[in-house]
Amino acid sequence: MAEESVPEGRSLKELSEEELWELINDNRHRISLGVRPCILLPYLRQVKVLTEVDEDEILSCHNLTNRCMRTYMLDLLRTQGRNGAVALLEGLMIHYPVLYTHVTGRKPSTEPSRFSLIKYSELTEYLIRAVTGMQTELQEARNEAGKMSTRCSSLESEVSQLMEQEEKCSHLQTENERLQRHLEVTKLKDEKCDLYIRYTTSIEEKSLLNQTEALSLQVQQLSLDCKMQEQKSTVVQSQMKELQVERDQAYQSRDDAQAMIARILAEKDTLRSQLVELQEAVSKSSAPPFLVRSRPKAIRVNGRVLSLSLQCEALLSELSIVGGNKSGVFVHQVTEGGAAHAAGISPGAQIVELQVRYEQNSRALRMVLEDSTLEEAMWALGQVTGFCQLSLRPRQNYEALLQQLQNSTMSSGDSFYIRVNLSLPAGASGTLAVSCNNILHVTNTRPAGTEDLWQASQVHPCQLLDLQSGTVPNYYQKAVRIVSTGRQGRNPLWVSVDEENTNGTESCVTLMPYTLVTPHFPPVCRPILLLPTILGRMLDKKLASWQGFQLMLTASEHAARLQRSEILEEVEPGGNRCYTLQSVEKVMKKGLHCVLPLGLDCVRRLHRSEIFPVIIFSKLQRSGQTEEQLLACSKSEEPLLDKLPCLYHSMAPDSWCDRNSLLTSLRTIIWEEQRKVVWVEPDLW
């Protein structure tokens, strides 16, 4: 385009400031790509549209890329008005004539009359300096090219020398192979000559009778020796077989004993849970001073468990422990010369179980510490003030735990998730600010130097990702916590243990500040349950008519499905039609949201089948006498929502005004809830 004949219009001196900058802004992208600021800055400094400070800001700022430097230079020139535009175009005419033609549509010219901001003498001086600089750069480029050519020639000579050395090496290798073949041939010839000599000698010996008799005697002696050696080897082999049989029998006996121990421990756990349930059913007023967890059969690692009995006034002062519910509780350090050290307790042993007499009422207390938190284990060991019995397992995963603690990949062996049931403000010592229903990941129940705080992190609502970390109060002075983590069992209620008084020991159940929860990741389309029930059944069909939703189907065979516990709810009381689990699963397999025309009773049944519905409760406000029944249903169902084992979404009454806005809000809420992780409490039923 620069070589084409461009028609001459008005000169740059005749154009106004707005026209000049409109011409530059139309080609701003092309100027930003094709201009180097270090080339234009000397001329712009010469015509005094930019200062030395502006030049330093453009070239020396580390926060600007090359593209940003050019844009920033144009912005600075824009502040100079018409002189900035004229100076920029004249600089392009000198250093970038092709770009100047693209921008202005005029041919470049270095005549003095074309420059309006610089005198003829100053222009001549500037051009001489520019030519001198270009000559210097050209000379430096030539010198660099000469150095590079010299370097290339030296490298070529080195390559040729290497090739010659490679040829010499290949020649020497060929000669070496030839010499080896010659040596092997010579060796074979020598062996052949040796064999020939030995053969001749044996023939001569056989010709002599005396030598023959001597040889026969030697042969007989050798045969006897061979037979004796064979007998000895047979005896050794038989003994080895017997040892192998005895070893296999010992291994089998050990495995049987370990299996029997595991079975007995599992039976003990089952009996213990049944005993606790019976005690709770008989008398709730005589609750024990500690909470015993009922749980299914524990998954135990087959291994030798050692039981030790010892008399110790303060066991916790003689040893230190590490670990937690995720890795197990291990003995870390033992005080030499103490009762624990004398009993044979060594670092690395896992504490499986503790039996001790409780100090308040002298009742026997047996606690399983195999899956307890670090705080629970320290509380349990702190109760030992006399005779106790410990069940220990030798080193298993202790070194891996220490390595993780040293590498700071984990702060302790604890790891479980809780839901906050109250709001806590932020504190000055790193206390987390949490709101009700927030999910926290507890990673250390006994941080260094504190006894009333937990180390926890807030959890991302859509994935298992720890966010801001800090501490939260553990209410240790008010409650004794036995947290069953990672297994189904009773909800970890906070049970207050009061000291004995004149009227006897009393215990009471207080509000749970935290609730143990477990994460679940449901499929892409979760079922939808709208509450209150009356409002939900009014909107179910409308919501099911949208794309991606389908109303739950009914099924027959009422009696057979009732016997198999497949019924979620009957369509009509006493009728033959019902809603079943199979209907929900069938809709979910199609990749659709199943709209549930059901009540709150179906939530726990769905959870047991690993189906987690999106529960949306719409709060109502009084607007007329015709809505009395709807308000009564809302008031009766709202208290039941807090008893659900999962969270629900509550819609404010001012967030919608009619049916269409309500349905639109529902779709947005469903899309948001579908992305979240579902946190569910342990099933207590």
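All of these numbers come straight from a predicted model, not from anything done at the bench.

Comments concerning the overall build of the protein chain
When helices and strands are counted, the protein chain shows 18 helices and 21 strands. Counting across all 685 residues of the protein chain, residues that qualify as buried make up 36%. Here the analysis covers contacts within the protein chain between residues at least 6 apart in sequence; of these, 66% occur between residues at least 24 apart. A total accessible area of about 41,500 Å² is found for the protein chain, and carbon and sulfur atoms account for 54% of it.

Details of the environment of Met588
Checked against the element boundaries, Met588 lands in helix H15 (residues 581-589). Classification of Met588 by relative accessible area gives buried; the value is 17%. Through-space distance from the C-alpha of Met588 to that of Cys525 is 6.4 Å; in sequence the pair is 63 residues apart.

Section: helix H13 (residues 533-544)
Its 12 residues place the ends of H13 16 Å apart at the C-alpha level, agreeing with the 16 Å of an ideal helix rising 1.5 Å per residue. Buried within H13 we find Thr533, Leu535, Gly536, Leu539, Asp540, Leu543 and Ala544. Down the axis of H13, the smallest arc covering the buried residues is 140 degrees, so these residues share one side.

Some details on the pattern of salt bridges
On inspection of all chains with the given rule, the structure shows 7 salt bridges. A salt bridge links Arg178 to Glu175; its shortest N-O distance comes to 2.3 Å. Of the two residues, Arg178 and Glu175 are both situated in helix H8 (residues 120-206); the distance of 3 residues between them amounts to about one turn of the helix. The exposure class of Arg178 is partly exposed, given its relative accessible area of 41%. By relative accessible area, Glu175 is classed as partly exposed at 32%. For the salt bridge of Asp248 with Arg247, the shortest nitrogen-to-oxygen distance reads 3.5 Å. For Arg247, a relative accessible area of 44% translates into the label partly exposed.

Focus on the sheet that holds strand E7 (residues 416-420)
If you trace the 6 strands from one edge of the open sheet to the other, you get E10-E9-E8-E7-E13-E21, paired in antiparallel fashion. Among the strands making up the open sheet, the edge pair consists of strand E10 (466-473) and strand E21 (678-680). The sheet shows a mean angle of 45 degrees between the axes of neighbouring strands, taken without regard to direction. Where E7 and strand E8 (residues 439-444) come together, 4 bridges link them in antiparallel fashion. Looking across to E8, one finds that Tyr417 is bridged to His441.

A closer look at the side chain of Gln674
Of note, Gln674 is situated in helix H18 (residues 659-675). A distance of 2.9 Å separates the side chain of Gln674 from the backbone nitrogen of Arg526, its partner in a polar contact. Residues contacting Gln674, with those up to four places away along its chain left out, are Pro523, Val524, Cys525, Arg526 and His593.

Here's the deal with the pairing of strand E14 (residues 528-531)
On E14, burial covers both faces: Ile528 and Leu530 on one face and Leu529 and Leu531 on the other are all buried. In this sheet, strand E18 (residues 593-596) lies alongside E14 in parallel orientation, the contact comprising 2 bridges. Paired with Leu529 across the bridge in E18 is Leu596.

Structural notes on a nonpolar patch on the surface
A cluster of nonpolar side chains, contributed by Val236, Met240 and Leu243, occupies part of the molecular surface with about 280 Å² of accessible area. With respect to the element layout, Met240 can be found in helix H9 (residues 209-282).

Things to note about the confidence of the model for the protein chain
Looking at the protein chain as a whole, its pLDDT mean stands at 76, while 77% of the residues score no less than 70. Every residue in residues 283-302 is under pLDDT 50, and counting partners more than four places away or in other chains gives 46 contacts. In the model, residues 477-510 has pLDDT below 50 throughout and makes 78 contacts with residues more than four positions away in sequence or in other chains.

Focus: the environment of Ser327
Along the chain, Ser327 turns up in the loop between strand E2 (319-324) and strand E3 (328-334). Judged by relative accessible area, which is 24%, Ser327 ranks as partly exposed. Put simply, Ser327 and Asn397 are 70 residues apart on the chain and 7.8 Å apart in space, counted from C-alpha to C-alpha. Once residues lying within four places of it in the same chain are set aside, the contact partners of Ser327 are Leu401 and Gly413.

So, the packing of aromatic side chains
One pass over the structure, following the stated rule, counts 4 aromatic pairs. Consider the rings of Phe330 and Tyr398, whose centres lie 5.8 Å apart with planes at 45 degrees: the pair is tilted. You can see Phe330 sitting in strand E3 and its partner Tyr398 sitting in helix H12 (residues 398-406), a full 68 residues away along the chain. In this structure Phe330 comes out as buried when scored by relative accessible area, which is 0%. By relative accessible area, Tyr398 is classed as buried at 4%. Centre to centre, the rings of Tyr417 and Trp679 are 4.9 Å apart; their planes meet at 45 degrees, and the pair counts as tilted. Within this pair, whereas Tyr417 is found in strand E7, its partner Trp679 is found in strand E21, the two being separated by 262 residues in sequence. Overall, the relative accessible area of 16% leaves Tyr417 in the buried class. Within the aromatic cluster, the residues linked to one another by ring pairs are Phe416, Trp454 and Tyr514.

A short note on the sheet that holds strand E19 (residues 614-618)
Sheet architecture is open: 5 strands sit in the order E15-E18-E14-E19-E20, paired in parallel fashion. Each end of this open sheet is capped by a strand with a single partner; those strands are strand E15 (549-551) and strand E20 (649-651). The mean angle between the axes of side-by-side strands here comes to 30 degrees, regardless of whether they run parallel or antiparallel. As judged from the 4 bridges shared by E14 and E19, these two strands associate in the parallel manner.

Here we look at unusual backbone geometry
Of note in the backbone geometry, Asn437 takes a positive phi value of approximately 75 degrees without being a glycine. For Asn437, the location among the structural elements is in the loop between E7 and E8. Classification of Asn437 as partly exposed rests on a relative accessible area of 38%. Not every positive phi belongs to a glycine, and Glu610 is a case in point at roughly 60 degrees. Within the fold, Glu610 resides in the loop between helix H16 (602-608) and E19.

Definitions and limits used
- Residues numbered from 1 in each chain as written.
- Predicted model: local features only at pLDDT ≥ 70, side-chain atom pairs only at ≥ 80, totals over all residues.
- Heavy atoms only, no water.
- Helix = DSSP H or I, 4+ residues; strand = E, 2+ residues; numbered from the N terminus.
- Buried < 20%, exposed > 50% of the residue type's maximum accessible area, 1.4 Å probe, protein only.
- Contact = heavy atoms within 4.5 Å.
- Areas by Shrake-Rupley, 256 points an atom, 1.4 Å probe, with all protein chains shown as cover.
- Expected span 1.5 Å × (residues − 1).
- Arc of directions from axis to C-beta.
- Salt bridge = Lys/Arg side-chain N within 4 Å of Asp/Glu carboxyl O.
- Pairing = 2+ DSSP bridges.
- Axes fitted to C-alpha atoms, helices over the stretch in contact; angles between N-to-C directions.
- Polar contact = N/O pair within 3.5 Å; in protein donor to acceptor, adjacent residues only side chain to side chain.
- Patch = residues over 30% accessible without salt bridge, like charges linked within 9 Å, V, L, I, M, F, W, Y side chains within 5 Å.
- pLDDT = per-residue confidence, 0-100.
- Phe/Tyr/Trp six-rings, centres within 6.5 Å; stacked < 30°, edge-to-face > 60°.

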